[in-house]
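# Fold and contact review
What follows is the residue order along each chain.
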Amino acid sequence: MSSSCAWSRPSLQRACLAGVDWGTPATHDTDRKAAWGAAAAADLQRGGVWSGVPAKDGVQGVGWDQVAAQGENAASAWGDLPAKDQGAAPGWDQSIQPAEVHVRLVYRPRVPEKDQGLAGRFQRSNEYRPRVVEQQSDQLYAPQQQPLAFVFEGGLYTPRTSGAVFFSFALPAVKAGQIAPVDAGTSLPIRPARQLNLFRSLLWGRATPLDPVPTGIEYPDYEGPITIITPPAEPDILETYMIANSVSVVVLPARVPLDATGIRIGRDIDSFAWTLTAQLFGRTSLNQVRPDAAGPKEVEVTINGHTWVFLIERYSGTGKLADERYTLTGVSRTQLLAAPYAPARSKVNTADINAELAASNELINTGFTLEWDTWTLGPPDWTMPAGAYSYQGQTPMQVIAALAETAGGVVSPAMASDELSILPRYREPVWQWSSAIMDRIIPAAIISDWGSEWQPQPEWNSCYVSGTNYGVSVDVRRAGTAGDNPAPDVFTDWMTGTDPARSRGIAELCKGGNQEIVTLNLPLFPAETAPGLVTPAQLCEVRDVEETWRGLCLSTEITAEGVGASRVKQTLRLERHHREGA
């Protein structure tokens, strides 16, 4: 028992030190760890000795309660905040939800249907019936100078029962007029009718004309369309040609004159825009056509009565002291339908559509118009089923050019207006040129110089034309031949008709055979003087000194040196075929 009394002293000291310093009891516990190990062995033998230890530990717990009380006092101040937060949260949840449900049920944006029936009570008056003016009775007439006088003496007039004359002083009742508007005609609104289904206005295509130009001639064995082409004007053959050339360049829209020289205007058969190059002297002239934030400037070039309008796309300059020169480059307005001015788009048709309508739809809201004579000149029109007409990332001009190329045609832009035409590359097959009507006649008397280049090709007599995902497959063969020398096959996405396949096959066959490219230089005559301006895709008859031959115009270039009275020259490149019938 003496050993038990020795252990009680450290316990009291431990209780006293616990309230002062926590670190000190931890050190005593570590030092006496080994002593507790020996006591464990004593517990196995003397269990009653340890029974008094819990009673002492219970006494010591009072001291610990005082320390906990100090901690609770400190924590009580923090306990107020959670109580406030918890009380506020459910208050907001209960107030917002009923308010939102109440607003959604009471306030309705639509007008109740019962109010709509009130509109039937208001009716227009009869605006077209003659107006009746309200009738007013005349006032009682009393003559001023006569022997007859009426004296009523404050009483009512009562006529006698007998007598020759009776008077009635009662006024007739007022007759009300008829209700009518005063100016009914001025308030009647007149406006165009509302257009419906604008994009489907040409869904069925044009009607088939039996005779586009009335000729008065009946064809008992032919009921199809008749193509009538006006023969070209015969040029005057003179010993000497005197031409007063006139060249002017102005900046639009103010029409400010521009001092330009070295003008070159040209286009080839595969281009959809005319091009311009010119020389300017001085920075002052350049400032008139320099592109600004509003976009490129426009210039109008007139040469011998032929007018072009160009957009100035770019310029370059070189200079030295007191000498600055600039080179301008421009294109016609049809370039606005291509990059970089027109955005690239993607499309797929959900209903059947014909090629002419598809090309016209590309020009909606652009200000440009399309001319495609599918019945007389060509190329022919055709129908593409749903899903066949699709493309991705293409500009309107790319789509129109692809449609024209599918049927063997080319795009012909206007020179000074927002118009473009679809023309066949070969209006007549090469083997029928000898009997075809030409567009221009060029005599040898007006040719200043010429050149030629021999470019032979195989004599093709057949061509396989086919669609890809949609369409038809057509083997086009020249009549009267075995079709044993085929041209390269043609595969295109939008080939869904036999008529465009035939037209495309003829165009491919016309590219073959022995041929040469002839270059001719001749004056640019005014429009009223033959041959005038020769444009690409026109058929020309060249009356040479020894022979007369025919060719297709591939490109045209106009050069003008100087300003005002300049030297003007027209350079043509013609495709001449050396075969039977050409």
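As shown above, the structure is provided for reference.
A short tour of the structure in this document, coming up. Note that residues are indexed from 1 along each chain, following the sequence as it is written. Side-chain atom pairs in this predicted model are given and counted only at pLDDT of 80 or more, local residue features only at pLDDT of at least 70, and totals for whole chains, interfaces and linings cover all residues. Only hydrogens and water are removed before side-chain values are computed, so all heavy atoms of the structure are retained for them.

### Examining the pairing of strand E7 (residues 323-332)
Across seven bridges, strand E4 (residues 275-281) lies against E7 in antiparallel orientation. Looking at E7, one finds that Thr277 is bridged to Thr329. When DSSP finds two or more bridges between two strands, those strands count as paired. Secondary structure elements follow DSSP: runs of H or I of four or more residues count as helices, runs of E of two or more count as strands, with numbering from the N terminus. Relative to E7, strand E6 (residues 306-320) is paired through 10 bridges, and the arrangement is antiparallel. Following the sheet pairing, Gly319 is matched in E7 by Glu324.

### Notes on helix H10 (residues 498-510)
Taking 1.5 Å per residue as the helical rise, H10 with its 13 residues ought to reach 18 Å, and the 18 Å between its terminal C-alpha atoms agrees with that figure. Residue contacts follow a heavy-atom distance rule, with two residues in contact if any of their heavy atoms lie within 4.5 Å. Packing partners of the buried residues in H10 comprise helix H9 (396-406), strand E17 (462-466), strand E18 (473-477), strand E19 (490-491) and strand E23 (567-577). In a helix, the anticipated span is given by 1.5 Å times the number of residues less one.

### Points about the pattern of salt bridges
The working definition used for a salt bridge is a side-chain nitrogen of Lys or Arg within 4 Å of a carboxyl oxygen of Asp or Glu. All chains considered together, the criterion is met by 19 salt bridges. Salt-bridge contacts for Glu313 lead to Arg314; the nearest nitrogen and oxygen are separated by 3.8 Å. A 1.4 Å probe rolled over the protein chains alone gives each residue an accessible area, and that area as a share of the maximum for its type sets the label: buried under 20%, exposed over 50%, partly exposed in between. Exposure remark for Glu313: the relative accessible area of 21% places this residue in the partly exposed category. Between Arg550 and Glu541 there is a salt bridge, and its shortest N-O distance comes to 2.9 Å. Overlapping salt bridges, with partners in common, bring together Glu234, Glu541, Arg543 and Arg550 in one network.

### Regarding the sheet that holds strand E13 (residues 409-413)
Read from one edge of the open sheet, three strands run E10-E14-E13, paired in mixed fashion. In this open sheet, the two edge strands, each paired with only one partner strand, are strand E10 (369-372) and E13. Along the sheet, successive strands turn relative to each other by an average axial angle of 25°, direction set aside. The sheet contacts of H9 involve E10, E13 and strand E14 (419-424), and relative to E13 the element is tilted by about 135°. Angles shown run from 0 to 180 degrees and are taken between the N-to-C directions of axes, each axis being a line fitted to C-alpha atoms and, for helices, limited to the stretch in contact.

### Concerning the sheet that holds E19
Hydrogen bonding along the main chain pairs the strands of a sheet, whether they run parallel or antiparallel. One open sheet holds the three strands; their spatial order is E18-E17-E19, and the pairing between them is mixed. Sheet topology places E18 and E19 at the edges, where each strand pairs with a single neighbour. Two elements, E17 and E18, share five bridges in a ladder whose sense is antiparallel. Along E18, the bridge assignment pairs Tyr464 with Asp475.

### Remarks on the packing of aromatic side chains
Put simply, two rings from Phe, Tyr or Trp (the six-membered ring, in Trp's case) pair if the centres are within 6.5 Å, and we call them stacked under 30 degrees between planes, edge-to-face over 60, tilted for the rest. Applying the stated criterion to the full structure yields five aromatic pairs. Aromatic pair Tyr389 and Tyr391: ring centres 5.9 Å apart, planes at 65°, arrangement edge-to-face. Assigned by exposure class, Tyr389 and Tyr391 land together as buried. Judged by centre distance (5.2 Å) and plane angle (55°), the rings of Tyr389 and Trp494 are tilted. With Tyr389 in the loop between strand E11 (383-384) and strand E12 (390-394) and Trp494 in the loop between E19 and H10, this pair connects stretches of sequence that are 105 residues apart. Like Tyr389, the residue Trp494 is buried in the burial classification. Taken together, the ring pairs connect Tyr389, Tyr391 and Trp494 into an aromatic cluster. Whether a charge sits over a ring comes down to the Lys NZ or Arg CZ being within 6 Å of the ring centre and within 35 degrees of the ring normal. The ring of Trp274 is capped by Arg267, whose NZ or CZ atom sits 5.3 Å from the centre of that ring.

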